[in-house]
Amino acid sequence: MPDRSAEDEPIVIKKYANRRLYNTATASFVKLDDLHRMVKDGELFVVRDEKTGRDITASVLAQIIAEEETRGHSVLPHAYLRQVLKAYSEGVGPQLAAYLERSMEAFASHQQSVARQMGEMLDPGTAFDRMADMSRRNLEEFQRSLAAFAGQPTAPAAEGEDTDPLERKIRDLEARIAELERTRRPASSNGGD
(Lines give C-alpha, C1' and ligand atoms only; values in the text may rest on other atoms or scores of the structure.)
Protein backbone atom coordinates (compact mmCIF):
# COMPACT_ATOMS: atom_id res chain seq x y z
CA MET A 1 0.00 0.00 0.00
CA PRO A 2 1.54 3.34 -1.00
CA ASP A 3 2.26 6.04 1.55
CA ARG A 4 -0.32 8.73 1.92
CA SER A 5 0.51 11.92 0.08
CA ALA A 6 1.90 14.96 1.85
CA GLU A 7 -1.46 16.73 1.39
CA ASP A 8 -3.26 14.17 3.60
CA GLU A 9 -3.69 15.13 7.21
CA PRO A 10 -1.62 12.84 9.39
CA ILE A 11 -3.31 10.86 12.13
CA VAL A 12 -2.56 12.43 15.51
CA ILE A 13 -1.23 10.11 18.18
CA LYS A 14 -1.13 11.60 21.67
CA LYS A 15 1.47 10.41 24.15
CA TYR A 16 0.48 10.77 27.77
CA ALA A 17 2.80 11.19 30.76
CA ASN A 18 2.18 7.55 31.70
CA ARG A 19 3.72 6.61 28.29
CA ARG A 20 0.40 5.49 26.86
CA LEU A 21 -0.26 6.30 23.22
CA TYR A 22 -3.73 7.37 22.07
CA ASN A 23 -4.82 7.23 18.42
CA THR A 24 -7.25 10.13 17.92
CA ALA A 25 -8.54 8.69 14.62
CA THR A 26 -9.71 5.42 16.16
CA ALA A 27 -10.28 6.80 19.69
CA SER A 28 -8.25 3.97 21.17
CA PHE A 29 -4.99 3.37 22.96
CA VAL A 30 -2.24 1.83 20.84
CA LYS A 31 1.18 0.29 21.38
CA LEU A 32 4.47 0.79 19.56
CA ASP A 33 3.73 -2.39 17.57
CA ASP A 34 0.52 -0.77 16.31
CA LEU A 35 2.47 2.29 15.18
CA HIS A 36 5.01 0.01 13.48
CA ARG A 37 2.16 -1.67 11.58
CA MET A 38 0.83 1.76 10.59
CA VAL A 39 4.26 2.63 9.18
CA LYS A 40 4.30 -0.64 7.19
CA ASP A 41 0.79 0.11 5.91
CA GLY A 42 1.86 3.57 4.75
CA GLU A 43 -0.35 5.42 7.23
CA LEU A 44 0.97 8.89 7.98
CA PHE A 45 0.89 9.91 11.62
CA VAL A 46 2.41 12.41 13.99
CA VAL A 47 3.00 11.80 17.69
CA ARG A 48 2.43 14.75 19.99
CA ASP A 49 3.17 15.09 23.68
CA GLU A 50 -0.30 15.44 25.20
CA LYS A 51 0.80 17.98 27.80
CA THR A 52 2.99 20.31 25.68
CA GLY A 53 1.69 19.58 22.17
CA ARG A 54 5.31 19.18 21.03
CA ASP A 55 5.96 16.87 18.05
CA ILE A 56 7.81 13.82 19.38
CA THR A 57 7.35 11.61 16.31
CA ALA A 58 11.10 11.15 15.74
CA SER A 59 11.73 9.87 19.27
CA VAL A 60 8.79 7.45 19.08
CA LEU A 61 9.96 6.14 15.69
CA ALA A 62 13.46 5.78 17.18
CA GLN A 63 11.90 3.72 19.99
CA ILE A 64 10.29 1.43 17.42
CA ILE A 65 13.62 1.05 15.62
CA ALA A 66 15.39 0.34 18.93
CA GLU A 67 12.86 -2.40 19.71
CA GLU A 68 13.40 -3.95 16.27
CA GLU A 69 17.16 -3.85 16.78
CA THR A 70 16.85 -5.63 20.16
CA ARG A 71 14.65 -8.31 18.56
CA GLY A 72 17.54 -9.25 16.29
CA HIS A 73 16.29 -7.45 13.17
CA SER A 74 19.47 -5.42 13.01
CA VAL A 75 19.61 -3.07 10.03
CA LEU A 76 21.70 -0.20 11.33
CA PRO A 77 25.46 -0.82 11.47
CA HIS A 78 27.27 0.41 14.57
CA ALA A 79 29.50 2.73 12.54
CA TYR A 80 26.41 4.36 11.01
CA LEU A 81 24.80 4.89 14.44
CA ARG A 82 28.04 6.44 15.71
CA GLN A 83 28.10 8.82 12.74
CA VAL A 84 24.49 9.82 13.40
CA LEU A 85 25.32 10.57 17.03
CA LYS A 86 28.29 12.68 15.92
CA ALA A 87 26.00 14.62 13.59
CA TYR A 88 23.90 15.69 16.57
CA SER A 89 26.91 17.14 18.36
CA GLU A 90 28.41 18.72 15.22
CA GLY A 91 25.22 20.56 14.26
CA VAL A 92 24.75 18.93 10.85
CA GLY A 93 21.48 17.28 11.86
CA PRO A 94 19.20 19.13 9.41
CA GLN A 95 21.49 18.48 6.42
CA LEU A 96 21.91 14.84 7.41
CA ALA A 97 18.16 14.45 7.90
CA ALA A 98 17.45 15.78 4.39
CA TYR A 99 20.17 13.57 2.91
CA LEU A 100 18.91 10.45 4.72
CA GLU A 101 15.33 11.13 3.67
CA ARG A 102 16.30 11.42 -0.02
CA SER A 103 18.55 8.36 0.25
CA MET A 104 15.80 6.23 1.78
CA GLU A 105 13.31 7.39 -0.85
CA ALA A 106 15.75 6.43 -3.60
CA PHE A 107 16.44 3.10 -1.90
CA ALA A 108 12.71 2.33 -1.54
CA SER A 109 12.08 3.28 -5.18
CA HIS A 110 14.94 1.02 -6.30
CA GLN A 111 13.61 -1.85 -4.14
CA GLN A 112 10.14 -1.47 -5.67
CA SER A 113 11.65 -1.48 -9.16
CA VAL A 114 13.68 -4.61 -8.42
CA ALA A 115 10.67 -6.33 -6.86
CA ARG A 116 8.54 -5.47 -9.91
CA GLN A 117 11.21 -6.76 -12.31
CA MET A 118 11.67 -9.96 -10.30
CA GLY A 119 7.90 -10.46 -10.26
CA GLU A 120 7.80 -10.09 -14.04
CA MET A 121 10.72 -12.49 -14.44
CA LEU A 122 9.20 -15.09 -12.14
CA ASP A 123 5.65 -14.77 -13.48
CA PRO A 124 5.06 -18.20 -15.08
CA GLY A 125 3.41 -16.77 -18.20
CA THR A 126 5.91 -13.99 -18.73
CA ALA A 127 8.94 -16.12 -17.88
CA PHE A 128 7.83 -18.91 -20.23
CA ASP A 129 7.15 -16.44 -23.05
CA ARG A 130 10.58 -14.85 -22.60
CA MET A 131 12.33 -18.22 -22.49
CA ALA A 132 10.44 -19.43 -25.57
CA ASP A 133 11.23 -16.21 -27.46
CA MET A 134 14.91 -16.38 -26.46
CA SER A 135 15.09 -20.06 -27.50
CA ARG A 136 13.43 -19.29 -30.83
CA ARG A 137 15.87 -16.44 -31.54
CA ASN A 138 18.86 -18.57 -30.53
CA LEU A 139 17.68 -21.39 -32.82
CA GLU A 140 17.17 -18.99 -35.74
CA GLU A 141 20.63 -17.52 -35.23
CA PHE A 142 22.15 -21.01 -35.04
CA GLN A 143 20.39 -21.98 -38.28
CA ARG A 144 21.60 -18.83 -40.03
CA SER A 145 25.14 -19.56 -38.86
CA LEU A 146 24.96 -23.14 -40.15
CA ALA A 147 23.48 -22.00 -43.45
CA ALA A 148 26.14 -19.34 -43.88
CA PHE A 149 28.85 -21.87 -43.11
CA ALA A 150 27.40 -24.26 -45.72
CA GLY A 151 26.94 -21.46 -48.27
CA GLN A 152 23.15 -21.81 -48.23
CA PRO A 153 20.55 -19.04 -48.36
CA THR A 154 19.69 -17.75 -44.90
CA ALA A 155 16.03 -16.77 -45.19
CA PRO A 156 14.23 -17.11 -41.84
CA ALA A 157 11.18 -19.36 -41.60
CA ALA A 158 7.91 -17.57 -42.22
CA GLU A 159 5.34 -17.30 -39.42
CA GLY A 160 3.51 -20.61 -39.08
CA GLU A 161 5.88 -22.37 -41.50
CA ASP A 162 6.85 -25.93 -40.61
CA THR A 163 10.12 -25.91 -38.67
CA ASP A 164 10.85 -29.66 -38.90
CA PRO A 165 14.62 -30.08 -39.48
CA LEU A 166 14.11 -32.51 -42.38
CA GLU A 167 11.65 -30.16 -44.09
CA ARG A 168 14.08 -27.27 -43.66
CA LYS A 169 16.92 -29.31 -45.18
CA ILE A 170 14.74 -30.22 -48.16
CA ARG A 171 13.73 -26.56 -48.67
CA ASP A 172 17.35 -25.46 -48.34
CA LEU A 173 18.49 -28.08 -50.88
CA GLU A 174 15.70 -27.08 -53.29
CA ALA A 175 16.70 -23.44 -52.96
CA ARG A 176 20.35 -24.29 -53.55
CA ILE A 177 19.53 -26.40 -56.65
CA ALA A 178 17.37 -23.57 -58.00
CA GLU A 179 20.23 -21.12 -57.42
CA LEU A 180 22.69 -23.42 -59.20
CA GLU A 181 20.31 -23.78 -62.16
CA ARG A 182 19.94 -20.01 -62.42
CA THR A 183 23.70 -19.49 -62.42
CA ARG A 184 24.25 -22.21 -65.10
CA ARG A 185 21.66 -21.00 -67.59
CA PRO A 186 23.25 -17.63 -68.37
CA ALA A 187 26.68 -19.27 -68.73
CA SER A 188 25.43 -21.88 -71.25
CA SER A 189 23.46 -19.32 -73.30
CA ASN A 190 26.54 -17.03 -73.51
CA GLY A 191 28.79 -19.88 -74.65
CA GLY A 192 26.42 -20.88 -77.49
CA ASP A 193 26.45 -17.45 -79.18
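These figures come from a predicted structure and were not determined experimentally.

Rules and cut-offs
Here the residue numbers are simple positions, counted from 1 along each chain's written sequence. For this predicted model, a pLDDT threshold of at least 70 governs which residues receive local features, and a threshold of 80 or more governs which side-chain atom pairs are given and counted, while totals over whole chains, interfaces and linings are taken from all residues. Computation of side-chain values covers all heavy atoms of the structure but excludes hydrogens and water. Here a strand pair is declared whenever DSSP counts at least two bridges between the two strands. Strands here mean DSSP runs of E at least two residues long; helices mean DSSP runs of H or I at least four residues long; both are numbered from the N terminus. Every angle, taken between N-to-C directions, lies between 0 and 180 degrees, and every axis is a line fitted to C-alpha atoms, over only the stretch in contact when it is a helix. Multiplying 1.5 Å by the helix residue count minus one yields the expected span of that helix. Exposure classes here rest on a 1.4 Å probe applied to the protein chains alone. A residue is buried below 20% of its type maximum, exposed above 50%, and partly exposed in between. Comment: arc refers to directions from the helix axis out to C-beta atoms. Here, two residues are considered to be in contact whenever any of their heavy atoms come within 4.5 Å of each other. Orientation is classified from the angle alone, with under 35 degrees giving roughly parallel, over 145 giving roughly antiparallel, 65 to 115 giving roughly perpendicular, and any other angle giving oblique.

(A) The sheet that holds strand β3 (residues 28-30), seen in detail. Sheet architecture is open: four strands sit in the order β3-β2-β1-β4, paired in mixed fashion. Strands with a single pairing partner mark the edges of an open sheet, and in this sheet they are β3 and β4 (45-49). The average undirected angle you get between the axes of adjacent strands in this sheet is 35 degrees. Taken together, the five bridges between strand β1 (residues 11-15) and β4 define a ladder with parallel strand orientation. Its bridge partner lying in β4, Lys15 is registered against Asp49.

(B) Molecular detail of helix α2 (residues 57-70). Compared with the 20 Å implied by 1.5 Å per residue over 14 residues, the 20 Å span of α2 between its first and last C-alpha is a close match. Residues Thr57, Val60, Ile64 and Glu68 constitute the buried set of α2. End-on view of α2: buried residues confined to an arc of 90 degrees, all on one side of the axis. In α2, the exposed residues that point more than 90 degrees away from the buried face are Ala58 and Thr70. Looking at the buried residues of α2, the elements they touch are β1, α1 (32-40) and β4.

(C) Looking closely at the pairing of β1. Residues of β1 alternate between two faces, with Ile11, Ile13 and Lys15 buried on one and Val12 and Lys14 left unburied on the opposite face. Bridge count for β1 against strand β2 (residues 21-23) is three bridges, and the pairing is antiparallel. Residue pairing for β2: Lys14 is matched across the bridge by Tyr22. Turn length for the β1-β2 hairpin, with the two strands adjacent in sequence and antiparallel, is five residues, and the turn residue Arg19 shows positive phi of about 75 degrees.

(D) Examining the packing of α1 against α2 more closely. One can describe the packing of α1 onto α2 by two numbers: an axis separation of 10 Å at closest approach and a directional angle of 100 degrees. Classified by the angle their axes make, α1 and α2 are roughly perpendicular. Of the residues in α2, those touching α1 at Leu32, Asp33, Leu35, His36 and Val39 are Val60, Leu61, Gln63, Ile64, Glu67 and Glu68.

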